[in-house]
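Coordinate analysis (summary)
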Amino acid sequence: MSSNGTKVIKPIKEIIHSNYPSLTKSEQKVASFVLDNIKRVMYYSVTDLADEVGVGETTVLRFCRRLGFKGYQDFKLTLAQNSTDLQAETSAESSDLIQSISLNTIESIKHTASMINLEDLNEAITILDKAEYIHFYGVGTSGITALDAKSRFLRIGRRTEVTTDPHLQAMYASTLSEKDVVIGFSVSGSTMDTIHSLEIAKKSGAKVIAITYYSRSPITKIADVVLNGGAKESPLEGGSLTAKISQLFVVDLLCTGIVLQNKERSMFMKNKTAQSVINKIF
C-alpha cells in the first residue's frame, strides 16, 4: 500500500526481469513467452499457457510462485493491472455505455453459440435426460448461475440439487452414484473448490458435465462432456455479466433440449410447478 492508502501495482516486467537469472530453463521459457505476450497471457488458462510454451502446468505454477505470487490467478491479476490497454478500453466504452454493453453481450452469446459442439450438446442432453438426480456445482458468480439452473430444471420436473458451499459440495459429492449427474460451472476452468468436488463426484460414479470458457483447462480433464460457455474476461472482470449470460445460454440449451425430448411430460410439469406458486403472486 502507498502512503495515501491506494494499492501499489507491481511492475510485472521488472519483476520477471529481476528474477529471470534465478529461474530454471523451463521457467525461463515461460518468462520469455509472458514478456512477449502479456496482453494475450492475461486471458489464458494455466493449461493454455503451459501448452503454448511447451511445459507442464506445474512449471507454470512454480514460475508464478518464484515471482512471489500466490498462484496463477494472482499472477494474471497483476498482468491485468499492468495493462494500460484494458484501462483505455474501459474509458472508451464509457462514452457510449448502452451501445458498448449491448454489443458485448450479443457478441458473447454469438461466440458461445459458435463454440458449442452439437455432438457434445446432444450427449449432455442424453446424459441429463437419463439422470435420476441432477446436481449443480459452482462458487462465487458461477454459484449464482448454478442456482438459476436448478430453478430452470425444477420447473420441467427434474430432481435437482445445488451446492455452492465448497465443504458441502465435497461431502455431497462423496454420496453420489452412477444414477447422478453433476454440472460444474467455472468460467476459468481452474476454480479449485469446484474441481475438487467434481473429482470426488467422478470417483463416486457420477457423470460430470463441465461448462467453462476454456476448452483447455483443469476442469476439462475431469468432465465426461465439456460445453464451452462463458466469455473471455481478465481477472479484473471476474464475474462479468457477459460471462454469466453466456453460461445461462448453455443452461437454456440443455433445458430446452430435454423439453424437446419429453414434450408432454415437460409441459405437464411446467403447469404443475406454475400452479404450485400461483397463490404467491397478487
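Residues numbered from 1 in each chain as written. Predicted model: local features only at pLDDT ≥ 70, side-chain atom pairs only at ≥ 80, totals over all residues. Heavy atoms only, no water.

1. With respect to the sheet that holds strand 4 (residues 207-212)
Cut-off, in case you're wondering: At least two DSSP bridges between two strands are needed for those strands to be called paired. Runs of E in the DSSP output that reach at least two residues are strands. Runs of H or I that reach at least four are helices, and both are numbered from the N terminus. The convention used is that axes are lines fitted to C-alpha atoms, helices contributing only their stretch in contact, and that angles between N-to-C directions extend from 0 to 180 degrees. Note on definitions: a residue-residue contact is assigned when non-hydrogen atoms from the two residues lie within 4.5 Å.
Spatially, the 5 strands line up as an open sheet ordered 2-1-3-4-5, and their pairing is parallel. Each edge of the open sheet carries a strand with a single partner, namely strand 2 (160-163) and strand 5 (225-228). Direction aside, neighbouring strands of the sheet carry axes that sit 20° apart on average. The pairing of strand 3 (residues 180-185) with strand 4 spans 5 bridges and is parallel. Bridge assignment links Phe185 to a residue of strand 4, and that residue is Ile211. Docked against the sheet, helix 10 (residues 141-155) engages strand 1 (133-137), strand 2 and strand 3, running at close to 170° with respect to strand 2.

2. What to know about the environment of Ala274
Note the threshold: A 1.4 Å probe rolled over the protein chains alone gives each residue an accessible area, and that area as a share of the maximum for its type sets the label: buried under 20%, exposed over 50%, partly exposed in between.
The topology assignment puts Ala274 in helix 14 (residues 263-277). Looking at Ala274, the relative accessible area reads 36%, which means it is partly exposed. As a C-alpha pair, Ala274 and Arg155 span 119 residues in sequence and 7.7 Å in three-dimensional space.

3. Remarks on the pattern of salt bridges
It is possible for side chains bearing opposite charge to pair when their charged atoms get close. Convention followed: By definition here, a salt bridge exists when the distance from a side-chain nitrogen of Lys or Arg to a carboxyl oxygen of Asp or Glu is within 4 Å.
As enumerated under the stated definition, the model contains 7 salt bridges in all. The closest approach of N and O atoms between Arg158 and Asp129, which form a salt bridge, is 2.9 Å. With Arg158 in the loop between helix 10 and strand 2 and Asp129 in helix 9 (residues 118-130), the pair connects residues that are 29 residues apart, well separated along the chain. Using a relative accessible area of 21% as the deciding quantity, one classes Asp129 as partly exposed. The shortest N-O distance in the salt bridge between Arg152 and Asp252 comes to 3.0 Å. In this pair, Arg152 is assigned in helix 10 and Asp252 in helix 13 (residues 241-261), connecting sequence segments 100 residues apart. Several salt bridges converge on common partners, so that one network encompasses Glu27, Arg62 and Arg66.

4. Some thoughts on the packing of helix 2 (residues 25-36) against helix 5 (residues 57-66)
Heads up, the rule is: In these notes the angle categories are as follows: under 35 degrees is roughly parallel, over 145 is roughly antiparallel, 65 to 115 is roughly perpendicular, and the rest is oblique. Gly is put with the polar residues, along with every residue not named as nonpolar or charged; the nonpolar set is Ala, Val, Leu, Ile, Met, Phe, Trp, Tyr, Cys and Pro, and the charged set is Asp, Glu, Lys and Arg.
Two elements in contact, helix 2 and helix 5, have axes whose closest approach is 9 Å; the angle formed by their N-to-C orientations is 75°. Relative to helix 5, the element helix 2 is oriented roughly perpendicular. Contacts between helix 2 and helix 5 involve Ser26, Glu27, Val30, Ala31 and Val34 from the former and Thr59, Val60, Arg62, Phe63 and Arg66 from the latter. For the contact of helix 2 with helix 5, a count of residues per class yields 5 nonpolar, 2 polar and 3 charged.

Function-wise, these values are silent; they only describe arrangement.
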